[in-house]
Amino acid sequence: MELGAAGMRRSASHNSLSGSDDFDLTHLLNKPRINVERQRSFDDRSLSDVSYSGGHARGGGGFDGMYSPGGGLRSLVGTPASSALHSFEPHPIVGDAWEALRRSLVFFRGQPLGTIAAFDHASEEVLNYDQVFVRDFVPSAMAFLMNGEPEIVKNFLLKTVLLQGWEKKVDRFKLGEGAMPASFKVLHDDKKGVDTLHADFGESAIGRVAPVDSGFWWIILLRAYTKSTGDLTLAERPECQKAMRLILSLCLSEGFDTFPTLLCADGCCMIDRRMGVYGYPIEIQSLFFMALRCALLMLKHDAEGKDFVERIATRLHALSYHMRSYFWLDFQQLNDIYRYKTEEYSRTAVNKFNVIPDSIPDWLFDFMPCEGGFFVGNVSPARMDFRWFALGNMIAIVSSLATPEQSMAIMDLIEERWEELIGEMPLKICYPAIENHEWRIVTGCDPKNTRWSYHNGGSWPVLLWLLTAASIKTGRPQIARRAIDLAERRLLKDGWPEYYDGKLGKYVGKQARKFQTWSIAGYLVAKMLLEDPSHLGMIALEEDKAMKPVLRRSASWTN
């Protein structure tokens, strides 16, 4: 379905904003590695600028004065405005992708509100694929923002705030006030001419697990909307300020945990089935870090927001140190762990989490290149999940949780292990797959998560947009271009599947839905990022110079 106008008009505030400090990445397509000099923006505000005693930030409490232009016009075939503004020849499937994305639009009382998860008419079972998922809508929202159509994103952000305020009960147990829904559905009563909303906070989900990531994605999307449109008023509205505070109050609460990371159950994120990611999954920690940084930029420094600003700054320092020190793995760190002593006691212990060297899986020794590294899947007492998880590592790059050196090492790993992580269809959600007896125990014999399928080593085209963002941010767009070229060979022909199966991602997923909306949107966002790298400004965050650099594990683990 087409929106009412050829393109939503940008807010009037655009004309008054300067473009001097945004990601100036237009030359990256021809120069793979480049250092860009930029003026300091609010996004780059050092955490040291936050006064722990007073809670005020020097230089004012507003946003950075930059936006990533989306353009207000579309071509006749619905391709993004950037295609008309730049010399790129759009791929033939771009027009089909936009048509498919618009068919997935959901309207509430005449206004576009989101996109359903999949528009697969060939499937007999609808299940919950006809709902608007918070996490699934993010790439769709990015596509609309980049195409100069912010109204649907604004509607989505405001409506989910209202849903957040609903009472949330699962089997007579009340969820935290700040929990965001996993999804919602628009119900049309044609006889009465009334539209109503039904939200799911996890009570209908497989496994009955509430999503931890929905709130984080909401904050990240609010910042993307502000960055794209230059409209500061939405984030400053009382209901949006309250929504951020409620989300943060859930994850900044003090308790018994001695780690700054968030303790989570299996199934709380994109991997929404039992896959052994319970504990401190990298995906949640990266999203947590990015949401904290985005919230720090948008929270007002008033009586209610002041305390959160201080707590965020403190948590960010602790979280960045913890993740960069204990979750990071490269050849040297692997060799150190291989030689660990166990049962160490006292503050001088090197093996602080009592990881048993014999728990290192055999595949890792061959997988780890001499150059390259990544954030492991999980770290907790006597346990390191050494698996590679794509989403957590890509978010670590775009949020600057990863240092510049670590970001480059992650991209080095992708290039060194292209066949394993990219194969014939980008991108492995995790590597390697678990199988046999381990699969039975870890997944509970989940028939959908058999080896190299779905969340157990399946390949997910939606991850293209984050791979592209990470590639551009690290000055290596050729990685994204190569991955997109692979995807373009099959995505349209295969009907935009949800995921692919097999060790190389060669086969359409055995239970994959066709016309999966975020597969379509992820491709479009990746294409628009390559065509106009300035769009990266609405996705990525620059490094905060105030955070201490990561120490070598041999040093940091003895402090």
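Residues numbered from 1 in each chain as written. Predicted model: local features only at pLDDT ≥ 70, side-chain atom pairs only at ≥ 80, totals over all residues. Heavy atoms only, no water.

- If you look the protein chain up in an unreviewed UniProt entry, it shows as Alkaline/neutral invertase from Hordeum vulgare subsp. vulgare.
- Word for word, the UniProt comment on the protein chain under Catalytic activity (unreviewed entry) is "Hydrolysis of terminal non-reducing beta-D-fructofuranoside residues in beta-D-fructofuranosides."
- Word for word, the UniProt comment on the protein chain under Sequence similarities (unreviewed entry) is "Belongs to the glycosyl hydrolase 100 family." (UniProt positions renumbered as here; feature names shortened; annotations may be inferred.)

1. Observations concerning the overall build of the protein chain
- A tally of helices and strands in the protein chain yields 19 helices and 15 strands.
- The buried share of the protein chain, taken over its 559 residues, is 61%.
- Contacts spanning at least 24 positions in sequence make up 73% of the contacts within the protein chain whose residues lie at least 6 apart. (Helix = DSSP H or I, 4+ residues; strand = E, 2+ residues; numbered from the N terminus. Buried < 20%, exposed > 50% of the residue type's maximum accessible area, 1.4 Å probe, protein only. Contact = heavy atoms within 4.5 Å.)

2. Quick notes on the environment of Thr196
- The residue Thr196 is located in strand 7 (residues 194-200) in this model.
- Remark: the alpha-carbon pair of Thr196 and Phe108, spanning 88 residues in sequence, is separated by 7.9 Å.
- Once residues within four sequence positions are removed from consideration, Thr196 is found in contact with Phe108, Lys185, Val186 and Leu187.

3. What to know about the environment of Gly502
- The residue Gly502 is located in the loop between strand 14 (500-501) and strand 15 (507-508) in this model.
- Spatially, the C-alpha atoms of Gly502 and Ser459 are 8.2 Å apart, while their sequence positions differ by 43 residues.
- Every residue in contact with Gly502, bar those within four places of it in the chain, is listed here: Lys428, Trp452, Gly457 and Tyr507.

4. Some words on unusual backbone geometry
- Omega for the bond connecting Pro426 with Leu427 falls within 30 degrees of zero, at 5 degrees, which places this linkage in the cis form.
- Examined against the element boundaries, Leu427 turns out to sit in the loop between helix 14 (418-421) and strand 13 (430-431).
- Looking along the chain, the bond that leaves Tyr431 and enters Pro432 is cis, with omega of -5 degrees.
- Within the secondary structure, Pro432 is located in the loop between strand 13 and helix 15 (436-443).
- With a phi close to 55 degrees, Tyr454 is a non-glycine residue in the positive phi region.
- Position of Tyr454 relative to the elements: it lies in the loop between helix 15 and helix 16 (464-473).
- With relative accessibility at 6%, the residue Tyr454 sits in the buried group.
- At Phe515, a residue that is not glycine, the phi angle is positive and equals roughly 50 degrees.

5. Considering the sheet that holds strand 6 (residues 183-189)
- The antiparallel open sheet is built from three strands, whose spatial order is 3-6-7. Each of the sheet's edge strands pairs with one partner strand only, and the pair in question is strand 3 (132-133) and strand 7.
- Bridge count between strand 3 and strand 6: two bridges; the pairing is antiparallel. Each bridged residue has a counterpart across the sheet, and for Val132 the counterpart in strand 6 is Phe184. (Pairing = 2+ DSSP bridges.)

6. Considerations on the nonpolar core
- Of all hydrophobic cores here, the largest spans 168 residues; its most connected members are Trp218, Trp388 and Ile414.
- Here this core takes 13 residues from helix 8 (residues 282-298), the largest share from any one element.
- Beyond its immediate stretch of four places on either side in the chain, Trp388 contacts Phe374, Asn393, Met394, Ile410, Leu413, Ile414, Leu421, Lys428, Ile429, Cys430 and Tyr431. (Core = buried A, V, L, I, M, F, W, Y, C linked by side-chain atoms within 4.5 Å.)

7. Quick word on the packing of helix 3 (residues 134-146) against helix 18 (residues 517-531)
- The geometry of helix 3 relative to helix 18 is characterised by a closest axis approach of 8 Å and an angle of 40 degrees between their N-to-C directions. In this structure, helix 3 meets helix 18 at a crossing whose hand is left-handed. Along the contact surface, helix 3 presents Arg135, Asp136, Pro139, Ser140, Met142, Ala143 and Met146, while helix 18 presents Thr517, Trp518, Ala521, Gly522, Val525, Met528 and Leu529.
- Tallied by class, residues from the contact of helix 3 with helix 18 come to nine nonpolar, three polar and two charged. (Axes fitted to C-alpha atoms, helices over the stretch in contact; angles between N-to-C directions. Left-handed = near helix turned anticlockwise from the far one by under 90°. Nonpolar A, V, L, I, M, F, W, Y, C, P; charged D, E, K, R; others polar.)

8. Details of the packing of aromatic side chains
- Within the structure shown, the criterion is met by 22 aromatic pairs.
- Their ring planes at 70 degrees and their centres at 5.5 Å tell us that Trp363 and Phe367 sit as a pair that is edge-to-face. Of this pair, Trp363 and Phe367 both sit in helix 11 (residues 362-367), four residues apart, which is roughly one turn of that helix.
- Classification of Phe367 as buried rests on a relative accessible area of 3%.
- Through successive ring pairs, a cluster of aromatic residues spans Trp363, Phe367, Phe374, Trp388, Tyr431 and Trp452.
- Over the ring of Tyr278 we find Arg383, and its NZ or CZ is 4.4 Å from the ring centre.
- A cation over an aromatic ring shows up here: Arg513 above the ring of Tyr129, its NZ or CZ 4.5 Å from the ring centre. (Phe/Tyr/Trp six-rings, centres within 6.5 Å; stacked < 30°, edge-to-face > 60°. Lys NZ or Arg CZ within 6 Å of the ring centre and 35° of its normal.)

9. Observations concerning the pattern of salt bridges
- Counted under the stated rule, the structure contains 14 salt bridges.
- Where Arg245 meets Glu304, a salt bridge forms, and the shortest distance between an N and an O atom there is 3.5 Å. Here the residue Arg245 occupies a position in helix 7 (residues 238-251), and Glu304 occupies one in the loop between helix 8 and helix 9 (306-327), the gap between them amounting to 59 residues.
- Linked through salt bridges whose partners overlap, the residues forming this network are Arg383, Asp385 and Arg387. (Salt bridge = Lys/Arg side-chain N within 4 Å of Asp/Glu carboxyl O.)

10. Examining the side chain of Gln516
- Here Gln516 lies in the loop between strand 15 and helix 18.
- On the basis of relative accessibility, which here comes to 1%, the residue Gln516 falls in the buried class.

11. As for the packing of helix 8 against helix 9
- It is at 10 Å that the axes of helix 8 and helix 9 come closest, and there the two elements cross at 145 degrees. Note that helix 8 runs across helix 9; the crossing there is left-handed. Contact residues: Ile282, Gln285, Phe288, Phe289, Leu292, Arg293, Ala295 and Leu296 in helix 8; Val309, Ile312, Arg315, Leu316, Leu319, Ser320, Met323 and Phe327 in helix 9.
- A class-by-class count of the residues in the contact of helix 8 with helix 9 yields 12 nonpolar, two polar and two charged.

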